Amino acid sequence: MKGRFDLNNNTRRFLLTGLTIILLITGGMTVLKYLQPTQEQKEVPVYSFESTAGIDYQVFFSPNNFFPQQSAGPGQAYITPLTEYVEAHFNYLLTSDEPADIQGQYSATALLTGYVEKKQGEERIKVKAWEINNNVVPATPFSGQQDRLELSTAAPINIRHYTNFAETVAKEIRFSADVVELKVTYDIAGTVKTLQGETQLQAAPYMLIPIKGNSFMVEGVLEDKKEGSITEMQTVPIPGIEQTRLTWLIISCVMLILLVGTWVVTRGTTPDPLLRELASIFKKHGDRIVHVAEGLPGISKDLLLKVNSFENLVAVADEISQPILYEMVAEEIHNFYVIDDPLLYTYHPSPLLLEHDVSESIGSARKTDEVDF
C-alpha cells in the first residue's frame, strides 16, 4: 500500500501491543458500565422538617442601695447575692415542607447538684454528692395537623431559693460541696406522622448556672437545632451512569481507531544488520579509522589475514600501533584493513564477501591487477 510509514518491527509490535492492551481495558470498562444497572433502590426523603429549641433569659436583681439596674440580659456576669431570680423563656419552632400530624409534650426541669472535686491524674473531676430535682414547667402536651409549629412558655428560676438550699445543707449536715450547679433543661419529645410513615421529635437545650460563689455566668447549650425526615424506598436513577457509559464508549472507539490506523498505515521493517554493525563500529572507533579514497594496492593471498570481528582488528592495530583503514568497495561491501608490512589484516562485515572472494570484489570494482584472497 502506498503512503505507509515504515517502523522498526520491534517498535511497531510494541505500539500495537500497547494499543491492544489499552483497548481491552477500555472495552472491558465499557462492557462493565453497560452491564451495571441504571437504577437502584434508595431511601428517599418524602417529608422533611427543621426544628429549633432555645432558651432565652433575663436576670432580675433584688432592690439594693448600690445599683439602680433592676435586670440584665444574657451574656454577662451576675452578682449572686443580688440576684433574685432568672426569668427563663422556652421557645420551640418546627417548619416543614407540607402539613403533618404533630404530637408530643414539653416540660422544663431544674436539677440542683452538689459535687465533690477529685483529682484524677492531672485533671480534676466532679463526683456527684447530692441532687434534687424540681419541675419548672409541667409536662404540657401539644398536637396539630400543620406545617409550622410554635411553642413558647416562660418560668421564673428562683436563684435565691437554690442558694439558700445549698447553704442550709452545708450548715445542717456540716457538708459543703465543692461545686453546686443548677441545670435547667427544656425537654421536648414527640412524633411527626404522614401517610408515608413517622419520625421522632427530640430536643433538650439546657442552661447551667453555678450556685456556689459570689458571681455566676449562665452557660450550657441554649439552642438545639435539628433536622428530620421521613423516608421510603424508591427506585431512582444512578447519578452519572449514562455519562460514564458514553465516556468509556468514546475512549474505546478512539483506541480502536488508533489500533486499526496504526495497523493499516504502518509496516514493519527489519534493520539492516550490516548498517547497524557499521554504525556501531564508527560510533565506538570512528576517531581511529582512516578512510581510503583511492583503494589499496594488490596483495598476495598468502599475505592476507582475515579476522573474525572488528574487535580483533582493533586488537591487531593496538598491538602494532597502526591505523585502521576503511574503504567502501560497493554499496554493500565495506572493508577494514590494518597493514603490517608485508601482511595485511582485514575484516569485512558485508555478507556478500562471505560468498565471494575478496580479491575478485576489489579487483572488479577498481579494475586493477587481480588480487587473490
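Check the entry above for the structure.
All figures in this text were calculated on a predicted structure; none of them were measured in a lab. (Residues numbered from 1 in each chain as written. Predicted model: local features only at pLDDT ≥ 70, side-chain atom pairs only at ≥ 80, totals over all residues. Heavy atoms only, no water.)

### Some remarks on the overall build of the protein chain
So the rule is basically this: Secondary structure is summarised from DSSP: a helix means a run of H or I of at least four residues, a strand means a run of E of at least two, and numbering begins at the N terminus for each. Both definitions apply: the radius of gyration is a C-alpha atom measure, and the globule rule equals 2.2 Å times residues to the power 0.38. Whether two residues are in contact is decided by their heavy atoms: any pair within 4.5 Å suffices. Each accessible area is a Shrake-Rupley estimate made with a 1.4 Å probe; only the visible protein chains count as cover when residues are assessed. The charge count includes Lys and Arg as positive and Asp and Glu as negative, but it does not include His or the ends of the chains. One atom stands in for each charge, and that atom is NZ of Lys, CZ of Arg, CG of Asp or CD of Glu.
Summing up its helical and strand segments, the protein chain has six helices and 18 strands in all. Taking 2.2 N^0.38 as the reference for a compact globule, 373 residues should give roughly 21 Å; the C-alpha atoms of the protein chain span a radius of gyration of 51 Å, well beyond that estimate. Expressed as lengths along the three principal axes of its C-alpha atoms, the size of the protein chain is roughly 140 × 55 × 35 Å. A separation of at least 24 residues holds for 71% of the contacts in the protein chain among residues at least 6 apart in sequence. Summed over its atoms, the accessible surface of the protein chain is roughly 22800 Å², and 54% of this surface lies on carbon and sulfur atoms. Charge centroids of the protein chain, computed over 30 positive and 47 negative side chains, lie 5 Å from each other.

### Re the sheet that holds strand β17 (residues 333-340)
Rule in force here: Paired strands, in this sense, are two strands between which DSSP finds at least two bridges. Axis definition: a line fit to C-alpha positions, over the contact stretch in the case of helices; interaxial angles, taken between N-to-C directions, run 0 to 180 degrees.
The strand order across the open sheet built from five strands is β14-β16-β17-β18-β15, with neighbouring strands paired in mixed fashion. Edge positions in the open sheet fall to β14 (289-291) and β15 (304-306), since each of these has one partner strand only. Between one strand and the next, the sheet's axes are offset by a mean angle of 35°, whatever the strand orientation. The sheet contact formed by β15 and strand β18 (residues 343-347) spans three bridges and is parallel. Within β18, the position partnered with L305 by the bridge is Y345. Against the sheet, helix α4 (residues 273-285) makes contact with β14, β16 (324-330), β17 and β18, and its axis sits at roughly 40° relative to β17, the strand it touches most. Its contacts with the sheet put helix α5 (residues 310-320) on β14, β16, β17 and β18, and the angle it makes with β17 is roughly 25°.

### Examining the pattern of salt bridges
Spelled out, the test is: Salt-bridge detection follows one rule: a side-chain nitrogen of Lys or Arg within 4 Å of a carboxyl oxygen of Asp or Glu. Burial classification: accessible surface area is computed with a 1.4 Å probe over protein chains only, and a residue below 20% of its type maximum counts as buried, one above 50% as exposed, and the rest as partly exposed.
Summed over all chains, the structure comprises eight salt bridges. Of the charged contacts in the structure, one is a salt bridge between R288 and D318, with a shortest N-O distance of 2.3 Å. Here R288, found in the loop between α4 and β14, pairs with D318, found in helix α5; they are 30 residues apart in sequence, far enough to count as distant. According to the relative accessible area criterion, R288 is partly exposed, its value standing at 29%.

### What to know about the environment of K193
Within the secondary structure layout, K193 lies in strand β7 (residues 179-194). Considering only alpha carbons, one finds K193 and A100, 93 residues apart in sequence, at a separation of 5.9 Å. Not counting residues up to four positions away in its chain, the partners in contact with K193 are A100, D101 and E198.

### What to know about the pairing of strand β9 (residues 206-210)
Examined bridge by bridge, β7 and β9 share five bridges and lie antiparallel to one another. Among the inter-strand pairings, V184 is bridged to a residue of β9, identified as M207. Pairing between β9 and strand β11 (residues 219-221): three bridges, direction antiparallel. Counted as the bridge partner of L208 is E219 from β11.

### Side note on the environment of Y115
Relative to the helices and strands, Y115 resides in strand β5 (residues 83-120). Given a relative accessible area of 17%, Y115 falls into the buried group. Taking the C-alpha atoms as reference points, Y115 and K126, separated by 11 residues in sequence, lie 5.6 Å from one another. Setting aside residues up to four positions removed in sequence, Y115 forms contacts with K126, V127, K128, A129, A177, D178, V179 and E181.

### Topic: the nonpolar core
Let me state the cut-off plainly: The term nonpolar core refers to a set of buried residues drawn from Ala, Val, Leu, Ile, Met, Phe, Trp, Tyr and Cys, joined through side-chain atoms within 4.5 Å.
F90, Y92, I157, L182, M207 and I209 are the most contacted members of the largest nonpolar core, which has 48 residues in total. Of all elements in the fold, only β2 (39-61), β5, β6 (123-157), α2 (159-172), β7, β8 (197-203) and β9 reach the threshold of two or more residues within this core. The element best represented in this core is β5, accounting for 11 residues. For L182, the residues in contact, after removing those within four places along its chain, are A110, L111, L112, I157, I159, Y162, M207, L208, I209 and I211. With 16 residues, the next largest nonpolar core counts F310, L313, Y345 and Y347 among its residues.

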